[in-house]
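For reference, the chains in residue letters:
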Amino acid sequence: MGKVQELSVVLKDNKVVYSPGEFITGEVRVKLAAHLNFKALKVNCIGSCGVTNKANDTAWQVEEQYFSSTLVVAEKGSLAAGEYTYPFQFLLPATAPTSFEGLFGKISYRVKATIETARFSKDYKTEKVFYILNLLNLNDISDIEQPNVISVTKKFSYLIVKSGVVALTVSTTLKGYISGQIIQLTTAIQNKSGKDMGTVVASLIQKVTYKSKRLIYDLRTIAEVEGSGVKSWKHAEWKEQIIVPALPQSSLHGCNLIQIDYFIQVSIRSPEVLVSLPIYIGNIAVNSPPLTPSRQSQLAEPTVIPTAPPAEDIGATGYQPMDSIILPTKSHSQQQTLSPHTCSQASGFESNTCEQLPGPMLCISTGATVPYYADGPVVADLSENPLILPPEYSSWGYPYDPPPTYEESCSSANSSMSTGQ
């Protein structure tokens, strides 16, 4: 660096993660090899978000700035060879969103130090990256402690002249979770036909929406488990568990360019039936205990599904009494390490490309990087059953379209029992 041997920004106690409304304190350290004339030594604290439509690009198409504060720690003068320190302090805005890094954009924060020299001379610059964690308290979300339920029915044809009906009901014990908690998933399937059904697949899906000049959807399968198929004229119940890994929170409060949503997606491949159940991922757990099993059972089955098809379908389906069974799990992964692979689509879904992501910056964070910190390791309760841990990102083709919004899912849940094809 010529006359300047060292120019660095050092944060107090080497702290790198801050909360909104907190002071960030540190010092600029300068080491000179020779005499230096300068115009000013400035420190700039910056917070911003940038979004692009090209993967891993930093030439942002759309940007927004959360704050930019500049402090002049030394005015025009000269310094002899030696070492100098200049303290600084900035107040972080209470509205600053959580740090985030994804394939098509990021929310970043940094402290930048600049030594401005005489005209036509080289300026000296350095910067230090830090992170903001704006906690999402799940208790602030309405009805977050209530079970989450969605149902759908679908009429289908087989063997040309025959028809049948499949009814699918999916429920979770809560609507919101934090890293390390367990999603208790219950799936009820009624195969009211003479045709055996294909396997059932449950996935935890992350959807990140980037609002560039056009919307970009980044869809990722975080965890996936597969259950056996359902035989003809069977009423099957499938219960599984998924442990929530370290994930970016659902809501980036204060950011207008990036939105994060999570869904439990359950599908049957033959006949093709798919439902998406929206959930929240936060930082502060739901305080209310889960409802009792009897209460959960009542809420998980909001409507009574008849065990026989409508009278007009009996001739085509060859109706038989239905047996109730417990559906076994066919396969799942117990891998601890995530392979950062993603499939993303642009608005309109005219293209479908796969990209390879760099590893996370501070921790293993599925889908996109964000600082995740806790008072010790995240440990789930393993006392009852083995858990479904995050697998490698799946090569399964679902979903080609982005999952619905929370409002769309709630609307479809209210009317889906009358839907048929």
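Here, residues in each chain are numbered from 1, in the same order as that chain's written sequence. Local features in this predicted model are restricted to residues whose pLDDT is 70 or higher, and side-chain atom pairs enter the listing and the counts only when it is 80 or higher, whereas totals over whole chains, interfaces and linings include all residues. To get the side-chain values, take all heavy atoms of the structure and skip hydrogens and water.

1. Quick look at the overall build of the protein
When helices and strands are counted, the protein shows three helices and 22 strands. To sort residues, take the accessible area from a 1.4 Å probe on protein chains only and compare it with the maximum for the residue type: under 20% means buried, over 50% means exposed, and anything in between is partly exposed. Counting across all 421 residues of the protein, residues that qualify as buried make up 47%. Residue contacts follow a heavy-atom distance rule, with two residues in contact if any of their heavy atoms lie within 4.5 Å. Residue pairs in contact within the protein that sit at least 24 positions apart in sequence constitute 75% of those at least 6 positions apart. Approximately 20100 Å² of the protein is accessible, and the part contributed by carbon and sulfur atoms is 50%. Helix numbering and strand numbering both begin at the N terminus, where a helix is a DSSP run of H or I of at least 4 residues and a strand a DSSP run of E of at least 2. All accessible-area figures derive from a Shrake-Rupley calculation using a 1.4 Å probe, and residue coverage is judged against the displayed protein chains alone.

2. Topic: the packing of aromatic side chains
Each pair of aromatic rings taken from Phe, Tyr and Trp, with Trp reduced to its six-membered ring, is defined by centres within 6.5 Å and is described as stacked if the planes are under 30 degrees apart, edge-to-face if over 60, and tilted in the remaining cases. This model, assessed by the stated rule, comprises six aromatic pairs. Aromatic pair tyrosine 109 and phenylalanine 130: ring centres 5.8 Å apart, planes at 35°, arrangement tilted. Note that tyrosine 109 is positioned in strand β8 (residues 105-116) and phenylalanine 130 in strand β9 (residues 124-132), a separation of 21 residues in sequence. The residues tyrosine 109 and phenylalanine 130 share a single accessibility class, namely buried.

3. Quick look at the sheet that holds strand β6 (residues 82-91)
Strand order in the open sheet formed by three strands is β1-β3-β6, with antiparallel pairing between adjacent strands. The strands lining the two open edges of the sheet, one partner per strand, are β1 (4-11) and β6. Between one strand axis and the next, the sheet turns through 15° on average, direction left out of account. Where β1 meets strand β3 (residues 23-32), seven bridges bridge the pair, whose relative direction is antiparallel. Following the sheet pairing, valine 4 is matched in β3 by leucine 32. Strand pairing is defined by DSSP finding a minimum of two bridges between the two strands. Working convention: axes come from line fits to C-alpha atoms, limited for helices to the stretch in contact. Angles between N-to-C directions cover 0 to 180 degrees.

4. Notes on the pattern of salt bridges
Any Lys or Arg side-chain nitrogen located within 4 Å of an Asp or Glu carboxyl oxygen qualifies as a salt bridge. In this structure the tally under the stated criterion is seven salt bridges. Across the pair lysine 231 and aspartate 196 runs a salt bridge, and its minimum N-O distance is 3.7 Å. Of this pair, lysine 231 sits in the loop between β15 (215-227) and β16 (234-243) while aspartate 196 sits in the loop between β13 (182-192) and β14 (200-211), placing them 35 residues apart in sequence. Residue aspartate 196 is classed as partly exposed on the basis of its relative accessible area, which comes to 39%. Note that aspartate 218 and arginine 220 form a salt bridge whose closest N and O atoms lie 2.6 Å from each other. For the pair aspartate 218 and arginine 220, one class covers both residues: buried.

5. Quick word on the nonpolar core
What makes a nonpolar core is a set of buried Ala, Val, Leu, Ile, Met, Phe, Trp, Tyr and Cys residues whose side-chain atoms join them at distances within 4.5 Å. Of all hydrophobic cores here, the largest spans 79 residues; its most connected members are Phe130 and Ile258. Per-element accounting of this core gives the leading share, seven residues, to strand β4 (residues 36-51). Sequence-distant contacts of isoleucine 258, defined by excluding residues within four places in its chain, comprise Cys49, Val51, Phe100, Gly105, Lys106, Ile107, Val208, Thr209, Tyr210 and Leu252.

6. So, the environment of glutamate 145
Looking at where glutamate 145 falls in the secondary structure, it is placed in the loop between β9 and β10 (148-158). Relative accessible area serves as the criterion here: at 23%, glutamate 145 is assigned to the partly exposed category. Spatially, the C-alpha atom of glutamate 145 lies 7.4 Å from that of glycine 176, the residues being 31 residues apart in sequence. Polar contacts involving the side chain of glutamate 145 include one to the side chain of glutamine 146, which spans 3.1 Å. Identification of polar contacts relies on pairs of N or O atoms within 3.5 Å, with a donor-acceptor requirement for protein atoms, meaning one able to donate a hydrogen and the other able to accept it, and with residues adjacent in sequence counted only if both atoms are side-chain atoms.

7. Quick look at unusual backbone geometry
Of note, the amide linkage connecting serine 270 to proline 271 takes the cis form, showing an omega dihedral of 0°. With respect to the element layout, proline 271 can be found in the loop between β17 (258-268) and β18 (273-282). The residue aspartate 13 is not glycine, and still its phi comes out positive at about 60°. Structurally, the position occupied by aspartate 13 is in the loop between β1 and β2 (17-18). For aspartate 13, a relative accessible area of 70% translates into the label exposed. Despite not being glycine, isoleucine 160 has its phi angle at roughly 70°, a positive value. Given a relative accessible area of 84%, isoleucine 160 falls into the exposed group.

8. Considerations on the state of the cysteines
Counting rule for disulfides: a pair of cysteine sulfur atoms within 2.5 Å. One pass over the structure, following the stated rule, counts zero disulfides. With no disulfide of its own, cysteine 49 has cysteine 255 as its nearest cysteine by sulfur position, at a separation of 4.0 Å. Judged by relative accessible area, cysteine 49 falls into the buried class, the value being 1%. On the basis of relative accessible area, cysteine 255 is assigned to the buried category, the value being 10%.

9. Describing the side chain of arginine 220
Looking at the secondary structure, you find arginine 220 in strand β15. Within the structure, arginine 220 has its side chain in polar contact with the side chain of aspartate 218 (distance 2.6 Å).

10. With respect to the environment of cysteine 255
Within the secondary structure, cysteine 255 is located in the loop between β16 and β17. Measuring from C-alpha to C-alpha, the distance between cysteine 255 and proline 97 comes to 6.0 Å, with 158 residues separating the pair along the chain.

11. Points about the environment of valine 266
One can find valine 266 in strand β17. Spatially, the C-alpha atoms of valine 266 and valine 225 are 9.7 Å apart, while their sequence positions differ by 41 residues. Once you skip the residues sitting within four places of it in the chain, valine 266 turns out to touch Leu168, Val170, Leu185, Thr187, Val200, Val201, Ala202, Val273, Leu274 and Val275.

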